[in-house]
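What follows is each chain in one-letter form.
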Amino acid sequence: MIYARIAGTGSHLPGEPVSNDDLVARGVDTSDEWIVGRTGIRTRYLAPAGVSSSELARIASERAIEAAGCSADDIDLIIVATSTPDFIFPSTAALLQAKLGIRNGGAAFDVQAVCSGFVYALTVAEKFIRSGSHKRALVVGAEVFSRILDWSDRGTCVLFGDGAGAVVLEASAVPGIRASALHADGSHHEILNVPGTVAAGQVIGDPFLRMDGQAVFKFAVKVLGDVALEVLEQAGALPAQVDWLIPHQANIRIIQSTAKRLGLSMDRVITTVEQHGNTSAASIPLALDLAVRDGRIRPGHRIILEGVGGGFTWGATLLDF
Ligand code: ACO
């Protein structure tokens, strides 16, 4: 039997942390008290002009490849989850392949599932590996959400940040990923979107992120609890057997609600939302890499990764690290 197992993790955050007070100083009509009280966010990282998702992805990927103890040319599949690609095409994954100097003709493509993107990409990569068609995948979440924020909309611009996280997922005789579930319900597309496009050389519609915060909050709390229980049931496991929950990092109150529903205390939940804000598809691999490198996550630990995002999309993975 071929399984898929994480062999290494890496991440990258651009520049210096930008505090809530820094946003006030830049003219956003908000306060540290409001942002911390409603979301838990204290700082975020914003990519300087000219730094793209593929560049953040390159640095995170190099770290993951080094941690996996392989070389870039051993990677035969690259999947990048992003809603802020460098270009309409080619894919950010193809650009990343070139930046990593990979010339082996392996597959490379992007996945677009917004904040669930990393869980979607990991699940797709797992299926490629378990089929025997590919041996070693680089799975990346990379975002420059700061480029699609309306900085005059205080209800959204304070929430997001930029960054990238990556894992090397490889074929293994020992089980790694044990269960996964992906879902979507496109009828909710209007509560979180960037409702613009490019045509005839112009932006048609609105190029900025728009959100009904309260509707998103309610939806996220419900589906994150449901999907975590779904993967546990698939694997025949109980919440008490989970060492770490790594949820998408949108809002500390959403994270606390999910942990409560699973009966997990917050000391078994990895949170980065305080320091990173919401980095969309990058948030889960960023949190995973942080906790691996600081020694909290160790080989053999059982972990649930779960995300929810625009579309709406949601999903979870249960894995043994
Ligand atoms: N600073 C100060 N005041 C603000 C700010 C701000 N940044 N943003 C909004 N307000 C004000 C509003 O204008 C409003 O004022 P009013 O009462 O005078 O009209 C008041 O705060 C309340 O606004 P609400 O939007 O009702 O605030 P709410 O309590 O719903 O909190 C929030 C907003 C934090 C966005 C919350 O709804 C939320 O966290 N939703 C989840 C959204 C989310 O996490 N999205 C991430 C993307 S989706 C994902 O990743 C899953």
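This one's a predicted model, so the numbers in the text were calculated from it and none came from an experiment.

1. Some remarks on the UniProt feature "domain: Beta-ketoacyl-[acyl-carrier-protein] synthase III N-terminal" (unreviewed entry) in the protein chain
UniProt's feature table lists "domain: Beta-ketoacyl-[acyl-carrier-protein] synthase III N-terminal" (unreviewed entry) at residues 109-186, given in the numbering used throughout. Secondary structure across residues 109-186 comprises 24% helix and 40% strand; the distance between its end C-alpha atoms is 22 Å.

2. Observations regarding the sheet that holds strand β4 (residues 77-81)
Ordered by their spatial adjacency, five strands build an open sheet running β1-β7-β6-β4-β5, and the pairing between neighbours is mixed. Because the sheet does not close on itself, it has two edges, and the strands there are β1 (3-12) and β5 (107-111). Here the average twist between neighbouring strands, direction ignored, is 20°. Sheet topology places β4 next to strand β6 (residues 136-144); five bridges connect them, and they run parallel. Paired with Ile-79 across the bridge in β6 is Val-139.

3. Remarks on a nonpolar patch on the surface
A contiguous nonpolar patch, built from Ile-88, Phe-89, Val-198 and Val-203 and spanning about 490 Å² of accessible area, is present on the exposed surface. As for its position among the elements, Val-198 is in strand β10 (residues 196-199).

4. Section: the site of the ligand
In the region of the ligand, 22 residues are neighbours, and Thr-30, Arg-38, Gln-214, His-248 and Asn-251 sit closest. Residue Arg-38 places a side-chain N or O atom 2.5 Å away from an oxygen atom belonging to the ligand. Between the ligand and Asn-251 there is a distance of 2.5 Å, counted from an oxygen atom to a side-chain nitrogen or oxygen. Only α2 (32-39), α6 (154-157) and α7 (213-235) provide two or more residues apiece to the shell around the ligand. Broken down by element, the shell around the ligand gets its largest block of residues, four residues, from α7. A breakdown of the residues in the shell around the ligand according to their chemical character gives eleven nonpolar, eight polar and three charged. Two domains each donate at least three residues to the shell around the ligand, and these are domain 1 (3-173) and domain 2 (178-320).

5. Description of the pairing of strand β7 (residues 162-172)
The buried count for β7 comes to nine of eleven residues, which makes it a mostly enclosed element. Where β6 lies against β7, nine bridges are found, and the strand directions are antiparallel. Directly across from Val-144, in β7, lies its bridge partner Asp-162.

6. Quick word on helix α4 (residues 92-99)
Considered for burial, the residues of α4 that qualify are Thr-92, Ala-93, Leu-95, Leu-96 and Gln-97. On its buried face, α4 is in contact with α3 (53-68), β4, β5 and β6. Following α4 by one or two positions, Gly-101 has its phi on the positive side, about 75°.

7. Remarks on the side chain of Asn-251
With respect to the element layout, Asn-251 can be found in the loop between β13 (244-247) and α8 (252-262). Its relative accessible area of 9% is what places Asn-251 among the buried residues. Polar side-chain contacts of Asn-251 include one of 2.7 Å to the backbone nitrogen of Arg-253. If we skip the residues at most four places from it in the chain, Asn-251 touches Arg-38, Thr-39, Phe-217 and Val-273.

8. What about unusual backbone geometry?
A cis amide bond links Phe-89 to the next residue, Pro-90, at an omega of 5°. Along the chain, Pro-90 falls in the loop between β4 and α4. Omega for the peptide link from Gly-311 to Phe-312 comes to -10°, which places this bond in the cis form. Although it is not a glycine, Val-114 adopts a positive phi angle of roughly 50°. When you line up the elements, Val-114 lands in the loop between β5 and α5 (117-131).

9. Focus on the nonpolar core
Ranked by internal contacts, the top residues of the largest apolar core, which has 46 residues, are Val-158, Leu-232, Ile-304, Val-308, Phe-312 and Leu-318. Breaking this core down by element, the ones donating at least two residues are β8 (177-184), α7, α8, β14 (302-309) and β15 (313-320). The biggest single contributor to this core is α7, with nine residues. Shared between two domains, this core holds at least three residues of each, these being domain 1 (3-173) and domain 2 (178-320). With residues near it in sequence (within four places) discarded, Val-158 still touches Leu-23, Val-28, Thr-30, Ile-35, Ile-41 and Arg-44. Grouped together as the second largest cluster of nonpolar side chains are 32 residues, Val-111, Leu-122, Ala-125 and Leu-288 included.

What counts and how
- Residues numbered from 1 in each chain as written.
- Predicted model: local features only at pLDDT ≥ 70, side-chain atom pairs only at ≥ 80, totals over all residues.
- Heavy atoms only, no water.
- UniProt positions renumbered as here; feature names shortened; annotations may be inferred.
- Helix = DSSP H or I, 4+ residues; strand = E, 2+ residues; numbered from the N terminus.
- Pairing = 2+ DSSP bridges.
- Axes fitted to C-alpha atoms, helices over the stretch in contact; angles between N-to-C directions.
- Patch = residues over 30% accessible without salt bridge, like charges linked within 9 Å, V, L, I, M, F, W, Y side chains within 5 Å.
- Areas by Shrake-Rupley, 256 points an atom, 1.4 Å probe, with all protein chains shown as cover.
- Salt bridge = Lys/Arg side-chain N within 4 Å of Asp/Glu carboxyl O.
- Near = heavy atom within 4 Å.
- Polar contact = N/O pair within 3.5 Å; in protein donor to acceptor, adjacent residues only side chain to side chain.
- Nonpolar A, V, L, I, M, F, W, Y, C, P; charged D, E, K, R; others polar.
- Domains from an automatic or database assignment.
- Buried < 20%, exposed > 50% of the residue type's maximum accessible area, 1.4 Å probe, protein only.
- Contact = heavy atoms within 4.5 Å.
- Core = buried A, V, L, I, M, F, W, Y, C linked by side-chain atoms within 4.5 Å.

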